[in-house]
Amino acid sequence: MDPKTILAPLLEPLEAGSDPARALAHAERLADRFDAHLDVVGIGCDHTQVAYYYAGATALVQQETHDEARRLAEQIEASARARLSSSALRWSVESAVGQMAGLAALISARARIADLVVMPAPYGEGRGPEYETMVEAALFDGQAPVLVVPATPEASPRPRRAVVAWNQSPEAMAAIRRSLPLLVGADLVNIAVIDPPRHGAERSDPGGALSQMLTRHGLRCEISVLARTLPRVSDVISRHVSDIGADLLVMGAYGHSRFREAILGGATRDMLENPPVPVFMAR
C-alpha cells in the first residue's frame, strides 16, 4: 500500500542546504510521487526535565527556557510555511513544544498515524540527543517506518538501484515488506547477505526465498553473498552500496536492544552515523 501520510518532524528552522531542509525536500518529492499528504511539525525542545531540581534555577528561569522553546517552534513553523506556501502538494504545518522527557510521546503520537516518517540522520555535528529520541520514538512507539536522509546531494524519490540488507530477522522482513512501494519501478533490487550461517534455514540458497517473493511483486532481483571483511557490518554494507551504485538502503532497525546498541554499537546505530544513501528502516 502506497504511503498516503508522510510525516516530517523538524527541530531547526529551515536554511538553504541544511540537513533538515534536505530531509523536508525529500519528503516533498515522496509526497508528490505517491500523491500523499505531507504533515510537517516544528518542534521546540525544552531540555529542562520535569521533577528535576536545578540548583539556582528559579521558576522564572524555567519558564524562560519553555518560552524559548516555544519561540523556536514558531520559527520552524514559519520557515516551513514559507517554503510550502507555493507548493501544489497537500500539506499541513504545526508547531509543538516538548521537554526531553516527553519528546518521545510527542513524536510517537504523530508517527502512529503516518505511513512514513522522513528525517535527517540523527548523529553528527550539531545533533543533540533529541534527534536520536525522534528516530527511536517513531520506530518503537510509533511503529512507523523511518526514512533517514543523509547529508549528500539530492536523492531521487524513485530509486534506480536498492540494496536490501537481509539477515532473516523479523526486523529485516518488516522493513522489506513496508518498503515495497518505494522499490516498485527500481531497475534492480540487490539482496545483500553477509556471512550467512552455515547451518541456517537458508544455508543452501541464501536470500533465495526472499528473491522469489520480491520477484513475484514484479521486482528484478539479484543476490550478493558478502564476507565480513571489515570490523563493522555497517562498513560492509556501506561499501557494497557504493560498489553497485545503489541509491536506497533497506534494513531492519535495532535487532539488538537500544541500550546494547548505545553502549556496544550495532548495525543500526553505526549505519545512521554516516548513511551513504537514504536508509529505509522499520521493525
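Here is a short report on the structure shown in this document. (Residues numbered from 1 in each chain as written. Predicted model: local features only at pLDDT ≥ 70, side-chain atom pairs only at ≥ 80, totals over all residues. Heavy atoms only, no water.)

A look at the overall build of the protein
Note the threshold: The helix count covers DSSP runs of H or I at least four residues long, the strand count covers runs of E at least two residues long, and both are numbered beginning at the N terminus. Between buried and exposed lies partly exposed: a residue is buried under 20% and exposed over 50% of the maximum accessible area for its type, with that area taken using a 1.4 Å probe on protein chains only. Here a residue-residue contact requires only that any non-hydrogen atoms of the pair lie within 4.5 Å. Working definition of accessibility: Shrake-Rupley area with a 1.4 Å probe, residue cover restricted to the visible protein chains.
Check the secondary structure of the protein and you find 9 helices and 10 strands. Counting every position in the protein, which comprises 283 residues, the buried fraction comes to 52%. Long-range pairs, those at least 24 residues apart, make up 78% of the contacts in the protein with a sequence separation of at least 6. Per element, the accessible surface of the protein, about 13400 Å² overall, is 50% carbon and sulfur.

Remarks on the sheet that holds strand β4 (residues 116-120)
Put simply, the rule reads: Two strands pair if DSSP finds at least two bridges between them. Each axis is a line fitted through C-alpha atoms, taken for helices only over the stretch in contact, and angles between the N-to-C directions span 0 to 180 degrees.
The strand order across the open sheet formed by 10 strands is β3-β2-β1-β4-β5-β10-β9-β6-β7-β8, and the pairing between neighbours is mixed. Each of the sheet's edge strands pairs with one partner strand only, and the pair in question is β3 (90-99) and β8 (221-226). In this sheet, adjacent strand axes meet at a mean angle of 25° when their direction is disregarded. Relative to β4, strand β1 (residues 5-10) is paired through 2 bridges, and the arrangement is parallel. In the sheet register, Ile-6 faces β4, and the bridge partner there is Leu-116. Where helix α4 (residues 129-141) meets the sheet, it contacts β1, β2 (37-46), β4, β5 (146-149) and β10 (279-282), and its direction lies at approximately 165° from that of β4. On the sheet, helix α6 (residues 208-215) packs against β6 (161-165), β7 (188-194) and β8 and is oriented at approximately 160° with respect to β8.

What to know about the packing of aromatic side chains
Under the convention used in this document: Stacked, edge-to-face and tilted are the three classes for Phe, Tyr and Trp ring pairs, Trp counted by its six-membered ring, which pair at centre distances within 6.5 Å; planes under 30 degrees apart are stacked, over 60 edge-to-face, the rest tilted. Both a distance and an angle decide whether a charge sits over a ring: NZ of Lys or CZ of Arg must be within 6 Å of the ring centre and within 35 degrees of the ring normal.
For the coordinates displayed, the defined rule picks out 1 aromatic pair. Where Phe-140 meets Tyr-254, the ring centres are 5.5 Å apart and the plane angle is 55°; that geometry is what we call tilted. Taken together, the positions of Phe-140 in helix α4 and Tyr-254 in the loop between β9 (248-252) and α8 (258-264) put the pair 114 residues apart, joining distant regions of the chain. For the pair formed by Phe-140 and Tyr-254, the shared burial category is buried. Positioned above the aromatic ring of Tyr-131, the side-chain terminus of Arg-127 is 4.7 Å from the ring centre.

Things to note about the side chain of Arg-33
Short version of the rule: The charge count includes Lys and Arg as positive and Asp and Glu as negative, but it does not include His or the ends of the chains. Take a side-chain nitrogen of Lys or Arg and a carboxyl oxygen of Asp or Glu: if they are within 4 Å of each other, that pair is a salt bridge. Each polar contact in these results corresponds to two N or O atoms within 3.5 Å; when the atoms are within protein, one needs to be able to donate a hydrogen and the other to accept it, and residues that are neighboring in sequence are counted only if both atoms are side-chain atoms.
For Arg-33, the position within the fold is in helix α1 (residues 19-34). Here Arg-33 is buried and forms no salt bridge, its nearest opposite-charge partner Asp-2 lying at an N-O distance of 6.8 Å. Of note is the side chain of Arg-33, whose polar atom sits 3.1 Å from the backbone oxygen of Pro-181. At a separation of 3.0 Å, a polar atom in the side chain of Arg-33 contacts the main-chain carbonyl oxygen of Val-184. Arg-33 has contacts with Pro-157, Arg-158, Pro-159, Pro-181, Leu-182 and Val-184, leaving out every residue within four places of it along the chain.

Considering helix α5 (residues 170-183)
Our working rule: Given a helix with a known number of residues, its expected span is that number minus one, times 1.5 Å. Across the chain, bend at a residue is computed as the angle between axes fitted to the seven residues ending at that point and the seven starting from it.
Taking 1.5 Å as the rise per residue, α5 with 14 residues should run 20 Å; its terminal C-alpha atoms sit 19 Å apart, in good agreement. Where α5 bends most, at Arg-177, the angle is about 35°, and the proline Pro-181 comes one to four residues later. The element α5 is largely enclosed, with a buried count of 11 among its 14 residues. Those residues of α5 not exposed but buried are Glu-171, Ala-172, Met-173, Ala-174, Ala-175, Ile-176, Ser-179, Leu-180, Pro-181, Leu-182 and Leu-183. Once α5 ends, the next one or two residues include Gly-185, with phi positive near 95°.

Section: the pairing of β6
Convention followed: Crossover handedness is defined here as right-handed if the route from the first strand over the helix to the second strand goes clockwise, with the strands pointing away from the viewer.
Buried residues dominate β6, accounting for 4 of its 5 residues. In the sheet, β6 pairs with β7 via 5 bridges, with the strands oriented parallel. Paired with Val-163 across the bridge in β7 is Asn-190. Note that the unit made of β6, α5 and β7 has a crossover that is right-handed. In the sheet, β6 pairs with β9 via 3 bridges, with the strands oriented parallel. Residue pairing in the sheet places Val-164 in a bridge with Val-250 of β9.

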